[in-house]
Amino acid sequence: MKTIWQLLLISLVPVQAIEMKLDDIASVKKACQTIAKNMVSYYTGYEPGDVPGNLPDPYYWWEAGAMFNALIDYWAYTGDDQWNEITAQGLVHQAGDNGAFMPSNQSKTEGNDDQGFWAFAAMSAAERNFPKPPGDGPDWLAMAQATFNTQASRWDDEHCGGGLRWQIFTWNGGYSYKNTISNGCFFNLAARLARYTGNQTYADWATKVFDWTQDVGFMTHDYLFYDGADSQDNCTKMDRVQWTYNNGVYLLGAAAMYNFTDGDPRWKERTEGILKGADVFFADKPKDVLYERACEPVDTCKVDQRSFKGYLARWMAASTQLAPFTYNMVMPKLRASASAAAKTCAGGPNNNSCGLKWTEQKYTKGPLDIGLEMAALEVIQSTLIHKIEAPVTREDGGLSQGNPAAGSEDDRPTLPDMVTRNISVADRVGAGILTVLMAAAAISTVRWALIDPHT
């Protein structure tokens, strides 16, 4: 059996040369299909008696949402619809009747970031005109709006001057922690909703979240992103661990705001600054290869963290369509990383399972893991971004039906005004990496990197 690397036939040659070789495009799609098949093999939610949308242990709920987003991306990039049905089934089941991705069986673990990753899948489905969900429930856009509304209602002005908490429910460990990924998910979602719907209130919220992230110190002046801080000491003691997905989630949100504002120089500077800030996650040797610097060099990457760099790749690629000036900055890095990632996909029982350390450019023995497959899939399929249309909006072909009041417990006729007035919120997204850590904000960054999120 051929390895992913043999199928991919991707090399470090100028972007133009790759784009002109159709045979290479075909081999990229074939490689993506093989990796996607490996990724889906971990999922059992479509089987009789199982729960649609759930991954088995040791995977957390949020990672299934991330997987479905990867499959939506895969469909958009390749046109292969073989997993569309299980994707729609999983999203609809976990969205629930109101579409807000708040299933009762996740109340012991669900954070704002967890909810956000599911909403991203719905938002991507709307932006890519993914086939309409089955049944009479909310459409993809309404699901994203429902999540936004529930998160906006959690904004907490009483501690740290604003922001969403990591955990949603008071009884969960980490409720006092405010982290960058939870707020980044809210920012990203608000910015993309603003672009899709044209509603200024979403844009106002996106600006508010971005400004707060800078003001509280989660984002530095040179666009480095720290993990977060505890609200019990007013976010004065920062956990300075840097994760790839924090940079990525703000990058795509900034690019969406650049697009929404028709190229506002302020959002151009922010998009470019965040992209340059991401340089810390790309190795010098081999040049431009993506790695998770907080855990890969010291072999401490936990289950959640093994997929993180795939989201940075996903959002870097998407940013080139919303902020085209980033294309020449992004693509050399994605191509180098895709090439290196593919070379690691030579392990496991079929000699095509992917490895963690792309910088080693070969498969090294380690856990077989859905996150490793997802990360490799995202970076490799991202090299096809120039072959697909930009995400749609309501004004240029978007078909998904929205509901501005979605997710509200009170569906009075006046509630559509919910997205046109300045509401106060307190929200958090369970990124799952720092769950137990919240109790001690002063804990060292090394310790944060070593502790498994949802334990």
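Everything numeric in this text was worked out from a predicted model, so none of it was measured.

Trainee: Even after reading the chapter, I still don't get the nonpolar core, so can you show me in this structure?
Mentor: A general tendency of soluble globular proteins is for nonpolar side chains to be buried together. Phe 117, Phe 148, Tyr 250 and Tyr 311 are the most contacted members of the largest nonpolar core, which has 130 residues in total. It is helix H4 (residues 61-78) that provides the largest number of residues to this core, a total of 12 residues.

Trainee: Just checking my understanding: could you explain the pattern of salt bridges for this structure?
Mentor: Close approach of charged atoms lets side chains of opposite charge pair. Counted by the stated rule, this structure contains 13 salt bridges. With a shortest N-O distance of 2.6 Å, Lys 357 and Asp 299 are connected by a salt bridge. Here Asp 299 lies in the loop between helix H11 (265-277) and helix H12 (308-322) and Lys 357 lies in the loop between helix H13 (327-344) and helix H14 (370-381), a separation of 58 residues in the sequence. Residue classification places Lys 357 among the buried positions, given a relative accessible area of 18%.

Trainee: Help me out: how do you make sense of unusual backbone geometry in this one?
Mentor: Apart from glycine, the bulk of residues carry a negative phi angle, and the bulk of peptide bonds sit in the trans form. Along the chain, Asp 57 connects to Pro 58 via a cis peptide bond; the corresponding omega equals 10°. For Pro 58, the location among the structural elements is in the loop between helix H3 (22-40) and H4. Unusually for a residue other than glycine, Asp 288 sits at a positive phi of about 65°. Of note, the phi angle at Gln 361 is positive, near 55°, even though the residue is not glycine.

Trainee: Hey, could you run me through H13 in this one?
Mentor: Because an α-helix packs 3.6 residues into every turn, residues spaced three or four apart end up facing the same way. Taking 1.5 Å as the rise per residue, H13 with 18 residues should run 26 Å; its terminal C-alpha atoms sit 26 Å apart, in good agreement. Across the 18 residues of H13, 14 count as buried, placing the element largely inside the fold.

Trainee: Explanation requested: the side chain of Arg 314 in the structure shown.
Mentor: Structurally, Arg 314 is set in helix H12. Residue classification places Arg 314 among the buried positions, given a relative accessible area of 6%. Only 2.7 Å separates the side chain of Arg 314 from the side chain of Glu 378, close enough to count as a polar contact. Setting aside residues no more than four positions away along its own chain, Arg 314 makes contact with Ala 66, Asn 69, Ala 70, Asp 73 and Glu 378.

Trainee: Sorry if this is basic, but what is going on with the packing of aromatic side chains here?
Mentor: Each aromatic ring pair is summarised here by two numbers: the centre-to-centre distance and the angle between the ring planes. Using the criterion set out here, one finds 37 aromatic pairs in the structure. Note on Trp 62 and Phe 117: the rings are 4.9 Å apart at their centroids and 65° apart in plane angle, and the pair reads as edge-to-face. Linking Trp 62 in helix H4 with Phe 117 in helix H6 (residues 112-127), this pair joins segments that are 55 residues apart in sequence. Joined through ring pairs, the aromatic side chains of Trp 62, Phe 117, Phe 120, Trp 243, Tyr 245, Phe 308, Tyr 311 and Trp 315 make up one cluster. When the ring centre of Trp 358 is taken as reference, the NZ or CZ atom of Lys 309 above it lies at 4.6 Å. We note Lys 333 situated over the ring of Phe 282; from NZ or CZ to the ring centre the distance is 5.7 Å.

Trainee: For this particular structure, what's the right way to read the sheet that holds strand E2 (residues 228-230)?
Mentor: In a beta sheet, neighbouring strands pair by backbone hydrogen bonds and run either parallel or antiparallel. On the basis of which strands lie adjacent, the open sheet formed by 3 strands has the order E1-E2-E3 and antiparallel pairing. Only two strands of the sheet have a single partner each, and these edge strands are strand E1 (177-179) and strand E3 (238-239). Across 3 bridges, E1 lies against E2 in antiparallel orientation. Residue Asn 179 lies in a different strand from E2, and its bridge partner there is Gly 228.

Trainee: Even after reading the chapter, I still don't get the state of the cysteines, so can you show me in this structure?
Mentor: In protein structure, a disulfide is the covalent linkage between the sulfur atoms of two cysteines. All told, the structure shown has 3 disulfides when counted by the stated rule. Covalently, Cys 295 is tied to Cys 301 through a disulfide, its sulfur atoms 2.0 Å apart. Disulfide Cys 295-Cys 301: the torsion about the S-S bond is 90°, which places it as right-handed. For the pair Cys 295 and Cys 301, one class covers both residues: buried. Regarding the disulfides, the chain carries the connectivity 1-2, 3-4, 5-6 under sequence-order numbering of its bonded cysteines.

Trainee: Is there a simple way to think about the environment of Ala 26 in this case?
Mentor: Its place among the elements puts Ala 26 in helix H3. Residues Ala 26 and Thr 78, 52 residues apart in the sequence, show an inter-C-alpha distance of 9.2 Å.

Trainee: Just to check I follow, could you spell out helix H5 (residues 84-95) for this structure?
Mentor: Here H5 contains 12 residues, and its C-alpha end-to-end distance of 16 Å stays within 8% of the 16 Å for a straight helix at 1.5 Å per residue. Residues of H5 that are buried include every one of Asn 84, Ile 86, Thr 87, Ala 88, Gly 90, Leu 91, Gln 94 and Ala 95, and no others. Just downstream of H5, Gly 96 is the residue with a positive phi angle, here 80°.

Trainee: Teacher, can you tell me more about the confidence of the model for the chain here?
Mentor: Detailed reading of the predicted coordinates is not advisable wherever pLDDT falls low. When pLDDT is averaged across the chain, the result is 87; 85% of the residues are at 70 or more. Within the model, the stretch residues 410-455 combines pLDDT values under 50 with 176 contacts to residues more than four positions away or in other chains.

Here is what the cut-offs are and how they apply
- Residues numbered from 1 in each chain as written.
- Predicted model: local features only at pLDDT ≥ 70, side-chain atom pairs only at ≥ 80, totals over all residues.
- Heavy atoms only, no water.
- Core = buried A, V, L, I, M, F, W, Y, C linked by side-chain atoms within 4.5 Å.
- Buried < 20%, exposed > 50% of the residue type's maximum accessible area, 1.4 Å probe, protein only.
- Helix = DSSP H or I, 4+ residues; strand = E, 2+ residues; numbered from the N terminus.
- Salt bridge = Lys/Arg side-chain N within 4 Å of Asp/Glu carboxyl O.
- Expected span 1.5 Å × (residues − 1).
- Polar contact = N/O pair within 3.5 Å; in protein donor to acceptor, adjacent residues only side chain to side chain.
- Contact = heavy atoms within 4.5 Å.
- Phe/Tyr/Trp six-rings, centres within 6.5 Å; stacked < 30°, edge-to-face > 60°.
- Lys NZ or Arg CZ within 6 Å of the ring centre and 35° of its normal.
- Pairing = 2+ DSSP bridges.
- Disulfide = S-S within 2.5 Å.
- pLDDT = per-residue confidence, 0-100.

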